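Structural description and commentary
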Amino acid sequence: MFFTDRTDAGRQLAARLDHLKGRDVVVLGLPRGGVPVAAEVADALDAPLDICLVRKLGVPQQPELAMGALGEGGVRVVNERVLQEAGVGARDLAAVEEREHAELDQRARRYRGSRPSVPLEGRTVLVVDDGLATGATALAACRVVRARGAARIILAVPVAPRGWKARLGGEADETVSVHAPELFYAIGQFYRDFTQTTDAEVLASLDRIRAAHGPVVQDADVRIPVADGVTLAGRLAVPEGATGIVLFAHGSGSSRHSPRNRAVAGALNRAGLGTLLFDLLTEAEAVDRAHVFDTPLLAGRLARATEWLAGRPESEGLPLGYFGASTGAAAALWAAGDPESSVAAVVSRGGRPDLAADHLARVKAPTLLVVGGRDALVLDLNRRAESLLHCESRLEIVEGATHLFEEPGALEEVAELATSWFTGHFRDQ
């Protein structure tokens, strides 16, 4: 037993890589298990962290045994020896490849969203996994990184079998391991805790390091006057060099603390967009459920908040957009349909556009309607709404998602779609 868990392994590995500190190094973790290890290395080296997407091709009857690997950019590695010894035919190999290609695409959307990958061209790239067994995955990773223009590739793992460097065939310029035992059966035998890494842990590791190397965000609580004697609480976050600001209109009585909208706002911030999350209703008003469906009231509040934001120094010269959810989407469309509105783009998540039906034809801002594929009633309402919009518009269906987008990867897809829509249309302003 060499390591307590992946965090411990990452710290031990980082100690072997101290000579790279201060150099222009990018750390790439192999999801899932390699990412928490890579995060510790990136933290120690004060280097940016990204992912290198590679999928192992496991033998059908023994999935832990790699017969090859797939990587981004069409990289494919097959171990003919394992194929022959395991008796895997062309049909079985093709079926595994098809499944892993789909998983590769899904993970790219889940972990990266709309964020561009860290540039590798001309740089030293440190590829990190939680261990190396057959070497197929590491080999594919090195080829992916080489294809993206890396000047030098260093493959680093906490543990690998004796003689492991020969398996890479020179694909890595340098190799580093903490341990290379002679008796090696599986990576997990050298960890006390080798439980499967979850998607949430991968995203948390990426976000922690990205926060240290991403844009500086000015984040503050604000009070927004919207009527005589009525002020609304909000949170304004504007990254350094922001290219626009998005106002969030919460739905169904939610507040600025809505975890779903906060998750989307976080993704927008990381992409360099400012966000204003605020309560459309005061605490006293929110007690009356009728206010939740009072679209003219909510739209008026959103319009006043837009005027307030436009007068702030943080928004000077920046385009503004609306992100509305459920009944809040109706308020966003209603407000965007005002002849005086100057919003540059609108995104509706699981929206109720029927509550703004009379105003849809007046909306001038490009509008994206995002609906869960299993949210049948709301999907039908949005299809009807799209036919009433006279502006540039698109309906995007997140397959398998219900109204709250609680399914794995669903909300991340919403964030990706919203980020792409806002950044594209803000750029045109």
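Scope of this entry: the structure provided in the associated data block. Just so it is clear, the model here is predicted, and its values are computed rather than measured.

**Thoughts on the nonpolar core**
Formed by 43 residues in total, the largest nonpolar core has its most connected members in L247, L276, F278, L302 and Y322. If we skip the residues at most four places from it in the chain, L302 touches L247, A249, F278, L280, Y322, A331, A332 and A335.

**A look at helix α11 (residues 376-388)**
The α-helix advances 3.6 residues per turn, and as a result positions three or four apart in sequence lie on the same side. The terminal C-alpha atoms of α11 lie 19 Å apart, and with 13 residues this matches the ideal 18 Å at 1.5 Å per residue to within 8%. Listed as buried for α11 are V378, L379, L381, N382 and A385. Within α11, the buried residues cover an arc of 160° as seen down the axis, which keeps them to one side. More than 90 degrees from the buried face of α11, the exposed residues found are A376, L377, R384 and S387. Taken together, the buried residues of α11 touch β14 (345-349), β15 (367-372) and β16 (393-398).

**Observations concerning the side chain of E40**
Relative to the elements of secondary structure, E40 occurs in helix α2 (residues 34-45). For E40, a relative accessible area of 12% corresponds to the buried category. Ignoring any residue separated from it by four or fewer positions in sequence, one finds E40 in contact with T7, G10, R11, A14 and R208.

**Overview of the packing of aromatic side chains**
How two aromatic rings sit relative to each other is given by the distance of their centres and the angle of their planes. In this structure the tally under the stated criterion is 7 aromatic pairs. When the centroid spacing of 6.2 Å and the interplanar angle of 70° are considered together, the rings of F2 and F3 count as edge-to-face. By relative accessible area, which is 31% here, F2 ends up partly exposed. Here F3 and Y191 contribute two aromatic rings whose centre-to-centre distance is 5.2 Å and whose plane-to-plane angle is 45°, an arrangement assigned as tilted. Residue F3 is found in the segment before α1 (6-15), and its partner Y191 is found in the loop between β8 (174-179) and α6 (199-213); the two are separated by 188 residues along the sequence. Its relative accessible area of 1% is what places F3 among the buried residues. Y191 gets classed as buried once you look at its relative accessible area, which sits at 3%. Taken together, the ring pairs connect F2, F3, F184, F190, Y191 and F194 into an aromatic cluster. Over the ring of F194 we find R6, and its NZ or CZ is 4.3 Å from the ring centre.

**Notes on the sheet that holds strand β5 (residues 75-78)**
The antiparallel open sheet is built from 3 strands, whose spatial order is β3-β4-β5. Looking at strand neighbours, the two that pair on one side only are β3 (54-59) and β5, the edges of this open sheet. The mean angle between the axes of side-by-side strands here comes to 40°, regardless of whether they run parallel or antiparallel. Pairing analysis gives 6 bridges linking β3 to strand β4 (residues 62-71), with the strands arranged antiparallel. Following the sheet pairing, R55 is matched in β4 by L70. Taken strand by strand, helix α4 (residues 90-112) contacts β3, β4 and β5, and its axis lies near 155° from that of β3. In this fold helix α5 (residues 136-147) packs onto β3, β4 and β5, with an angle of close to 150° to the strand it touches most, β5.

The rules behind these values
- Residues numbered from 1 in each chain as written.
- Predicted model: local features only at pLDDT ≥ 70, side-chain atom pairs only at ≥ 80, totals over all residues.
- Heavy atoms only, no water.
- Core = buried A, V, L, I, M, F, W, Y, C linked by side-chain atoms within 4.5 Å.
- Buried < 20%, exposed > 50% of the residue type's maximum accessible area, 1.4 Å probe, protein only.
- Contact = heavy atoms within 4.5 Å.
- Helix = DSSP H or I, 4+ residues; strand = E, 2+ residues; numbered from the N terminus.
- Expected span 1.5 Å × (residues − 1).
- Arc of directions from axis to C-beta.
- Phe/Tyr/Trp six-rings, centres within 6.5 Å; stacked < 30°, edge-to-face > 60°.
- Lys NZ or Arg CZ within 6 Å of the ring centre and 35° of its normal.
- Pairing = 2+ DSSP bridges.
- Axes fitted to C-alpha atoms, helices over the stretch in contact; angles between N-to-C directions.

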